[in-house]
Amino acid sequence: MSSIPLQIHNMSVAYQKKPVLRQVSFEVPEGKLIGIIGPNGAGKSTLIKAALGLIPRISGDVAIYGRPYKEQRKLVGYVPQRESVDWDFPTNALDVVMMGRYGHLGWFKRPGAKEKKIAMECLAKVGMADFATRQISQLSGGQQQRIFLARALAQDASLYVMDEPFAGVDAATEKAIITLLNELKKQGKTVLVVHHDLATVKEYFDWVLLLNVQIVAFGPTEEVFTTEKLQETYGGRLTMLEHNNASTLITSTR
C-alpha cells in the first residue's frame, strides 16, 4: 500500500457547465495538519466532495493510499459541513457516533458492547459524554459539531477530511477541536481541513493549500502562506491590517 494518504491528478469539476475546479493536482504528505484556504466559490468543499466521490468529476484520478476511494473507504473519516446535515432526524448522540463503527462491522452486523464502549470513549474525548442520550436536535451548533468529530474518531481512520469544522462554533469548541486535531497528528494521522479564518492559519496548520478554482500554491505554511500568494488567491477581497506595528493580521470577506 502506498504511504501517500491522498493523491489527486488533473481533477476538474463543473456545475451546469461552469468550471468549479480546473485541473487540480497535488499529493498530501502523511502525518500533517493541512488547511484548504480560498475565497467563497473557490471550490474548497467541491474539492473534498469530488475526491470522496460524493459529487461527479469531469476528469481526474483520486487515490487513497494508492488505491481508489471505494476500496479504501474505511481509512477515511469525513466530517461534512454542519448545515448539510438533517439535525431533526430522530436519533441521539451515541447512535450518531456508533455510525462511525459500521465500516468495521459491515452494514448487517449490529453494534454491540465493544462498539458502544468505543463510541463513549470518543464522546468523552470531545467533551460530550454527558450528552450521549440527548437527541441531536436538542444540541447547540458547537455540540453538534463535536458529535460529528466523535463519529469520525470512532471510525479510527488514517485520513480525516473535514469541511469547515470551526464554522459557527464557540471559542471553547474551537479550542477543543484544534486540540483533538493535534492529537490525531501525534498519532500519525493525516488531517485535511477546509478553513476560512486566515488569522489562525499559521497557528493551526503545518501545510496549506491555496485554492481559487485552480491551485495557487501548496506546501508548508511558512513557505506558502505569504501576502503575495494570498493576494493572488483572494484578489481584491483581501484586507491587510497592521497589528502592533509589527505583525500583519490578514482577514478576508467570506
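For the structure itself, look to the data block above.
In this report, we go over the structure that sits alongside the text. (Residues numbered from 1 in each chain as written. Predicted model: local features only at pLDDT ≥ 70, side-chain atom pairs only at ≥ 80, totals over all residues. Heavy atoms only, no water.)

1. Brief notes about the overall build of the protein
Working step 1: Within the protein one finds 10 helices and 11 strands.
Working step 2: Taking all 254 residues of the protein together, 50% fall into the buried category.
Working step 3: Intrachain contacts of the protein at a sequence separation of at least 6 include 67% that bridge at least 24 residues.
Working step 4: On the protein, roughly 12700 Å² of surface is accessible, and the fraction owed to carbon and sulfur atoms is 48%. (Helix = DSSP H or I, 4+ residues; strand = E, 2+ residues; numbered from the N terminus. Buried < 20%, exposed > 50% of the residue type's maximum accessible area, 1.4 Å probe, protein only. Contact = heavy atoms within 4.5 Å. Areas by Shrake-Rupley, 256 points an atom, 1.4 Å probe, with all protein chains shown as cover.)

2. Some points on the sheet that holds strand 6 (residues 159-163)
Working step 1: The 6 strands lie next to each other as 5-6-7-3-8-9, forming an open sheet whose pairing is mixed. A strand with exactly one partner marks an edge of an open sheet, and here the two such strands are strand 5 (76-79) and strand 9 (214-220). On average, adjacent strands in this sheet sit at an angle of 15° to one another, irrespective of strand direction.
Working step 2: Of the strand pairs in this sheet, strand 8 (residues 207-212) and strand 9 are connected by 6 bridges, and their pairing is antiparallel. The residue of strand 9 that forms the bridge with Asn212 is Gln214.
Working step 3: Helix 6 (residues 141-155) rests against strand 5 and strand 6 of the sheet, and its axis sits at about 175° to strand 5. (Pairing = 2+ DSSP bridges. Axes fitted to C-alpha atoms, helices over the stretch in contact; angles between N-to-C directions.)

3. Quick notes on the pairing of strand 3 (residues 33-37)
Working step 1: Of all 5 residues making up strand 3, 5 are buried, and the element is well covered by its neighbours.
Working step 2: Where burial is concerned, the two faces of strand 3 agree: the one with Leu33, Gly35 and Ile37 and the one with Ile34 and Ile36 are both buried.
Working step 3: Bridging between strand 3 and strand 7 (residues 190-194) involves 4 bridges; their strand directions are parallel. Within the sheet, the bridge partner assigned to Ile34 lies in strand 7 and is Leu192.
Working step 4: Here strand 3 pairs with strand 8 via 4 bridges, running parallel. Paired with Ile34 across the two strands is Trp207, which belongs to strand 8.

4. Examining the pattern of salt bridges
Working step 1: Counted under the stated rule, the structure contains 4 salt bridges.
Working step 2: One salt bridge in this structure joins Glu121 and Lys117, with 2.8 Å as the shortest N-O distance. Taken together, the positions of Glu121 and Lys117, both in helix 5 (residues 113-125) and 4 residues apart, correspond to about one turn of that helix.
Working step 3: A relative accessible area of 55% places Lys117 in the exposed class.
Working step 4: Between Asp156 and Lys189 there is a salt bridge, and its shortest N-O distance comes to 3.2 Å. One end of the pair, Asp156, is in the loop between helix 6 and strand 6; the other, Lys189, is in the loop between helix 7 (171-186) and strand 7, with 33 residues separating them in the sequence.
Working step 5: A relative accessible area of 12% places Lys189 in the buried class. (Salt bridge = Lys/Arg side-chain N within 4 Å of Asp/Glu carboxyl O.)

5. Description of the packing of helix 6 against helix 7
Working step 1: Orientation of helix 6 relative to helix 7, taken along the N-to-C sense of each, is 10°, at an axis distance of 10 Å. Here helix 6 lies roughly parallel to helix 7, going by the angle between them. In the packing of helix 6 onto helix 7, the handedness of the crossing is left-handed. Residue-level contacts link Gly142, Gln145, Arg146, Leu149 and Leu153 of helix 6 to Ala172, Thr173, Ala176, Ile177, Leu180 and Leu184 of helix 7. (Parallel < 35°, antiparallel > 145°, perpendicular 65-115°, else oblique. Left-handed = near helix turned anticlockwise from the far one by under 90°.)

6. A few points about the packing of aromatic side chains
Working step 1: A complete count under the given rule lists 4 aromatic pairs for this structure.
Working step 2: Ring plane angle 80° and centroid distance 6.2 Å describe the contact between Tyr204 and Phe205, whose orientation is recorded as edge-to-face.
Working step 3: Members of the aromatic cluster, joined through ring pairs, are Phe26, Trp207 and Phe218. (Phe/Tyr/Trp six-rings, centres within 6.5 Å; stacked < 30°, edge-to-face > 60°.)

7. Here we look at the environment of Val24
Working step 1: With respect to the element layout, Val24 can be found in strand 2 (residues 18-28).
Working step 2: On the accessibility criterion, Val24 (1% relative accessible area) is buried.
Working step 3: The spatial distance from the C-alpha of Val24 to the C-alpha of Gln214 is 6.0 Å, given a sequence separation of 190 residues.
Working step 4: With sequence-adjacent residues up to four places away left out, Val24 is seen in contact with Ile8, His9, Asn10, Met11, Leu47, Leu211, Val213 and Ile215.

Geometry only, nothing functional implied.
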